[in-house]
Amino acid sequence: MKINISGMGCVCALGADTREITKNMYTASSAFVLPEGRVGSVYAKTHPVFQAPQKILDRKREDESFGFLFLRTAADEALLQAGLTREILQTARVGVIAGTTVNASFNCFDFYKAWRGGEQTAFAPLLQYLDTPLSGALQKYYGLTGAQLTVVTACASGTDAIGLGAQWIEQDICDVVLAGACDEINITPYTGFIRLMVASPKRCAPFSLGRAGMNIGEGAGVFVLESGKFLSARNGSAMGYILGYGTCVDAWHITAPDPEGKGLIRAMRFAMRDAGVTPADIAFINAHGTGTQDNDAAEARVFHALIAGVPVMASKSVTGHTLGAAGAVEAALCLLSLNVRMIPAAANFTGVDPALNLTPVIQNTAIEKEIAMSDSLAFGGCNSVIVIGSQRYSHG
Amino acid sequence: MGKSALYINAAAFTADGNGLEKYFEAKNLRRMDVFTKLAVKAAARCLRAAEMDLRAEKNIALIISTGYGPVTRTCDFFNSIIDDGEEYARPLAFSMTVHNAAVASVSRLLNIKGPCLSVSNMETSFQSALLAAAAWLRKGMADRVLLGAVDEIHSVAEKVLQTHPEEFAHIYDTMRQAGAAFFIVSLENSPGAVALPELSVHATPLNPSADAFHLAKHTELLLDYDDVGRIAADFIKTELARTGHDIMSVFESADGARLLHTASDGERARIQKELGFLFSGVQEEAVSESADWTASSFAKLKEHGLINFFTSGSTGEVKSCIHTLAMLREEGNGLAFLFPDIKRVISLVPASHSYGMIFGLIVPKILGLPVVIKPPIPVIQWEDVLQEGDLLVAFPMFLKQLTELNFQFPRGVAVLTSTAPCPDDLIDKLYAGGMRRLVEIYGASEGGAFGWREKSGHPFTLLPFWNAEITGGMLEAITRRQTPMRVRIPDRVEIDSEGKFKPIGRIDQAVQVAGINVFPQKVETILKTHPAVRDAAVRRMRPDEGERLKAFIVLQEGYIEHEILPGLRAFMKEKLTVHETPRRITFGSELPVTDFGKRRDW
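Residues numbered from 1 in each chain as written. Chains lettered and ligands numbered in written order. Predicted model: local features only at pLDDT ≥ 70, side-chain atom pairs only at ≥ 80, totals over all residues.

## What about the overall build of chain B?
Inference 1: Of the regular secondary structure elements, chain B holds 18 helices and 25 strands.
Inference 2: Burial analysis of chain B (602 residues in total) assigns 46% to the buried set. (Helix = DSSP H or I, 4+ residues; strand = E, 2+ residues; numbered from the N terminus. Buried ≥ 20, exposed ≤ 12 C-beta atoms within 10 Å, placed from the backbone.)

Dropping the structure here:
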């Protein structure tokens, strides 16, 4: 397939929009801070997170979550880039697909604690959680009424959201799809990953020898996907393309990936077949690369087996693991890198792990090819992969 | 929602996650929470219904929708942070808090290795999952999708709802239900598949997966998996649609009887098995409906101190039958002596019916007995349900079906029957089938239980909480000893000096035909003397039908309706007056009766 990307927006620790992010990703400048004030946790003094820029956090309205704030901020940027106004959107069949983990879960810990303790507490958090599913909230925000869907395939949600959005365009379900994902720092995953012993108090070091786990991050990425017919009718232009999508489950374990990465291999093969590309066409792969022992080992094994020699971008070293948003944030970083023609260096790499025998890209590296691949691995053994073409990509 | 229609090849619904050991090794089920168990059980049942072997099936995708996700596990993790402190919070509880937990376990236990997705969109979650399934199928990512919806009752919302209902007024929903519904969907209209119907909107934020549950429960009935099953399923589909999901009527109808009772032994065993399977989804629904009725009847009783058991009686007209709590207590206390050695009550009758209220609720409460509600489906494995010391609160139609299926009672099971007369031959057959003891209650919604008997051919004994009003050896009326209640006996009943009584016929009031009094019962008696007539019912036409009598006639075996009609007309002309002669004759294989075996209009 070849689905137009006419706009893109992103918020993460690297910056408040794609311009800022492009500047900061080549210098590894991102906000790695202790989340005191954000999560009421003893770990907030020991385990830093990759936090969204303060100027974005300051914009939060009382009746919205941080996650939704990131999502609408990224969506506003994406629509602005695409040149799509609310008026134009009213003339199109517009779908909304949003991925998340925290923002579709019963995440009201403070409410729960107060309520369980018998305190007089307002029920607003509970009602808000019941009333507004994420994609529905974004739809409402733009006054839209078409198809909508919230993906909750844990950390593969963002990749799935974009892949499904591309299929909705390909199958003529919609003229325009807003596809993306968001997540925010929240006590449940923050404490949970620390207690699972897979979160590091230091900056994460994907694929490195002695890597000590992930850092939690937050943010959102949103793409405007558009049919060729609608795009040309309004004289719009594409800034890139979604070329392929594949997903497959390991059927292995709730938290650990299949060590042989069988599900990931099937997903990658499907995505490459969908895109009509071979490993030789691929400029780089944005790895899931969380910096945990198991994840990086499984991925390295698959990369060697299926796409040996393809450079590996490990962006979680500068964004943290933005959970449900990761696939969307990283797809944005992929397209930015493709269009700038340079892979940003992974930070914090401390040396090659002989068990992995894999060195990610650790210097900003120029590229010639026009295609990138991005994979996401999730709790539950779900593996999702998308293939992205640059603005210059002209095949198909 | 797209260009090509989706077809459902199999469906399954479950309201509980119990019994997974039947499908999986225990070691695979350890630490599994309710959310995941629900999903795994419904998915396994759905694959079984589709007869799919996943070792051979490569091209299947899995999509699961949920409004809340594993909310109990999320609260467990919260509790563990609050109670134990973050440093000791349980990591395993955390790993099961993600919505994707159901996909993880279903794919692992059922060996699905294709594309997988979790979606959540509160009350439109299932619709979202359908959109995703359609996209994947059209894309060729899979030939079929195992598509599920799973939700628990949100424990926190539920508790807040109970204490602060006003907070939820805008989304209030009485049908809150935990469950899982799974479907096999494809783009292919294969034999036995049904097209996905338009979803009826049942879902709310308090019952987010209701549309999927509703669809699965009803689709399950329409789907089958071999020819015998197809006949049974078509029949059930037609019958349930006709009767508004009244389970017993499926077995009461003539077609049902033919299906079950004219087949060879081997065929019958298969049909029974298929029916049992087809009904497995309805069972849970029937139990939950019955439990709801019971709960709401009990709540009304507690709130108002009285309850109105509406009855349609034999006339078809709804009548009020108001019982106060004191009346029910008097009746319950007066009946308790009948059940000295019962350990558990299995009730097939909801408490919205006076019989169900007394024997499924009041008497067990007085005796401190546990009650299990079961649907009146004869084909389920009753030998696994019943155990020594049980009292099965049933009714003749159900018991008749059980005996016709040659059911053998496990040791030590007593049976209670009421709502309609239990024929002597049925009582004998039940005893022959190993039933320990039968108690037949003679009564009416107007007054509750009047008398009881245990053996065929025996008279009834008036229950001790009644005083009898006797005129000329006939029981005219009875009066409660403690509470103000007087009931005219609806039948003609002979009674002796010891209070033993025998109903000998209904009191059917004379009706006027063209200004002349006629007696339908007399006409029935005369019609039944014709050699071709096995049974007959006579009543006055409804106003929309005319001003005369009408007859419903069941012929003896070997007689053909259109052949016997001229002779029958001649017979009636000879034996009946003009006013007594039924103007319209309807033939059928059984007299029309209500769900509880009482006669009804046709």
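Don't stop here, the text continues.
## A word on the overall build of chain A
Inference 1: The helix and strand inventory of chain A stands at 14 helices and 14 strands.
Inference 2: Across chain A, contacts joining residues at least 24 apart in sequence account for 80% of those joining residues at least 6 apart. (Contact = placed C-beta atoms within 7 Å.)

## What to know about the packing of helix 8 (residues 157-170) of chain A against helix 5 (residues 125-139) of chain B
Inference 1: Packing of helix 8 of chain A against helix 5 of chain B brings their axes to within 10 Å, and their N-to-C directions diverge by 70°. The angle between helix 8 of chain A and helix 5 of chain B places the two elements in the roughly perpendicular class. Here helix 8 of chain A runs over helix 5 of chain B; the crossing is left-handed. Here Leu164(A), Gln167(A) and Trp168(A) of helix 8 of chain A come into contact with helix 5 of chain B, specifically with Ala132(B), Ala135(B) and Lys139(B).
Inference 2: Each residue belonging to the contact of helix 8 of chain A with helix 5 of chain B can be placed in one class, and the counts come to four nonpolar, one polar and one charged. (Axes fitted to C-alpha atoms, helices over the stretch in contact; angles between N-to-C directions. Parallel < 35°, antiparallel > 145°, perpendicular 65-115°, else oblique. Left-handed = near helix turned anticlockwise from the far one by under 90°. Nonpolar A, V, L, I, M, F, W, Y, C, P; charged D, E, K, R; others polar.)

## Some words on unusual backbone geometry
Residue and element names in this part refer to chain A.
Inference 1: Notably, Ala154 is not glycine yet its phi reads approximately 45°, a positive angle.
Inference 2: With respect to the element layout, Ala154 can be found in the loop between strand 5 (148-151) and helix 8.
Inference 3: Even without a glycine there, the phi angle at Leu323 is positive, about 55°.
Inference 4: Inspection of the secondary structure puts Leu323 in the loop between helix 13 (316-319) and helix 14 (326-340).
Inference 5: On the neighbour-count criterion, Leu323 (34 C-beta atoms within 10 Å) is buried.

## Considerations on the nonpolar core
Inference 1: Membership of the largest hydrophobic core comes to 230 residues, with the highest contact counts inside it found for Ile388(A), Cys46(B) and Ala133(B).
Inference 2: When sequence neighbours within four positions are dropped, the list of residues in contact with Ile388(A) reads Gly240(A), Tyr241(A), Ile242(A), Leu243(A), Ala331(A), Cys334(A), Leu335(A), Leu338(A), Ile371(A), Ala372(A) and Ser374(A).
Inference 3: The next biggest cluster of nonpolar side chains, apart from the first, holds 54 residues, and it includes Met327(B), Leu335(B), Leu348(B) and Leu402(B). (Core = buried A, V, L, I, M, F, W, Y, C linked by C-beta atoms within 7 Å.)

## Considering the sheet that holds strand 25 (residues 584-587) of chain B
Residue and element names in this part refer to chain B.
Inference 1: Strand order in this open sheet of three strands is 23-24-25, and the pairing throughout is mixed. Two strands close off the open sheet at either side, each with one partner strand: strand 23 (533-540) and strand 25. With strand direction ignored, the average angle separating the axes of adjacent strands in the sheet is 20°.
Inference 2: Two elements, strand 24 (residues 549-555) and strand 25, share four bridges in a ladder whose sense is parallel. Along strand 25, the bridge assignment pairs Lys550 with Arg584.
Inference 3: Helix 17 (residues 520-527) contacts strand 23 and strand 24 of the sheet and is inclined by roughly 160° relative to strand 23. (Pairing = 2+ DSSP bridges.)

## A look at helix 12 (residues 325-335) of chain B
Inference 1: Where helix 12 of chain B is concerned, the buried positions are Met327(B), Leu328(B), Glu330(B), Glu331(B), Gly332(B) and Leu335(B).
Inference 2: Buried positions along helix 12 of chain B lie against strand 8 (322-324), helix 13 (354-367), strand 14 (448-453) and strand 17 (474-480) of chain B.

## Describing the interface of chain A and chain B
Inference 1: The interface of chain A with chain B comprises 50 residues on the first partner and 51 residues on the second.
Inference 2: Counting only elements with at least two residues in the side of chain A that touches chain B, the list comes to helix 5 (109-116), helix 6 (124-131), helix 7 (134-141), strand 5, helix 8, helix 9 (187-195) and strand 8 (240-249) of chain A.

## Examining the environment of Met8(A)
All names here are of chain A.
Inference 1: Here Met8 lies in strand 1 (residues 3-11).
Inference 2: Taking the C-alpha atoms as reference points, Met8 and Gly180, 172 residues apart in sequence, are found 9.4 Å from one another.
Inference 3: Ignoring any residue separated from it by four or fewer positions in sequence, one finds Met8 in contact with Thr18, Ala78, Gln81, Phe223, Met239, Ala332 and Leu335.

## A short note on the confidence of the model for chain B
Residue and element names in this part refer to chain B.
Inference 1: The predicted model of chain B has a mean per-residue pLDDT of 83, with 83% of residues at 70 or higher.
Inference 2: Ranking the elements of chain B by mean pLDDT puts helix 8 (residues 227-243) last, at 60, and strand 3 (residues 116-119) first, at 97.
Inference 3: This stretch, residues 312-317, has a pLDDT under 50; its non-local contacts, to residues over four places away or in other chains, come to eight contacts.
Inference 4: Overall fold confidence (pTM) sits at 0.66, and the ipTM for the predicted complex is 0.96. (pLDDT = per-residue confidence, 0-100.)

## Regarding helix 5 of chain A
Inference 1: Among the residues of helix 5 of chain A, Phe109(A), Phe111(A) and Tyr112(A) are the ones counted as buried. Down the axis of helix 5 of chain A, the buried set is contained in an arc of 160°. They therefore lie on one face.
Inference 2: Packing partners of the buried residues in helix 5 of chain A comprise helix 6 and helix 9 of chain A together with helix 2 (71-84) and helix 6 (155-163) of chain B.
Inference 3: Gly118(A) sits one or two positions beyond helix 5 of chain A and adopts a positive phi of about 80°. (Arc of directions from axis to C-beta.)

## Points about the packing of helix 3 (residues 66-82) of chain A against helix 7 of chain A
Residues and elements named next belong to chain A.
Inference 1: Close contact between helix 3 and helix 7 brings their axes to 11 Å; oriented N to C, the two are set at 50°. The angle between helix 3 and helix 7 places the two elements in the oblique class. Of the two elements, helix 3 crosses helix 7, and the hand of that crossing is right-handed. The residues of helix 7 that touch helix 3, namely those facing Phe68, Leu71, Arg72 and Ala75, are Leu134, Ala137, Leu138 and Tyr141.
Inference 2: Grouping the amino acids of the contact of helix 3 with helix 7 by side-chain chemistry returns seven nonpolar, no polar and one charged.

## Things to note about the pairing of strand 7 (residues 219-226) of chain A
All names here are of chain A.
Inference 1: Of all the eight residues making up strand 7, eight are buried; the element is thus mostly covered by neighbouring parts of the structure.
Inference 2: By the alternation rule, side chains of strand 7 split into Gly219, Gly221, Phe223 and Leu225 and Ala220, Val222, Val224 and Glu226, which are all buried.
Inference 3: Sheet topology places strand 6 (residues 176-183) next to strand 7; eight bridges connect them, and they run antiparallel. The partner of Leu178 across the bridge, within strand 7, is Val224.

## Things to note about the environment of Leu178(A)
All names here are of chain A.
Inference 1: Inspection of the secondary structure assignment puts Leu178 in strand 6.
Inference 2: Between the alpha carbons of Leu178 and Phe223 there is a distance of 5.9 Å; along the sequence they are 45 residues apart.
Inference 3: Sequence-distant contacts of Leu178, defined by excluding residues within four places in its chain, comprise Ala75, Val94, Val96, Leu138, Val222 and Val224.

## Re the environment of Phe349(A)
Residue and element names in this part refer to chain A.
Inference 1: Within the element layout of this structure, Phe349 appears in the loop between strand 11 (342-343) and strand 12 (365-366).
Inference 2: Sequence-wise, Phe349 and Cys204 are 145 residues apart; in three dimensions their C-alpha atoms are separated by 8.7 Å.
Inference 3: Ignoring any residue separated from it by four or fewer positions in sequence, one finds Phe349 in contact with Ala205, Ser208, Pro360 and Ile362.

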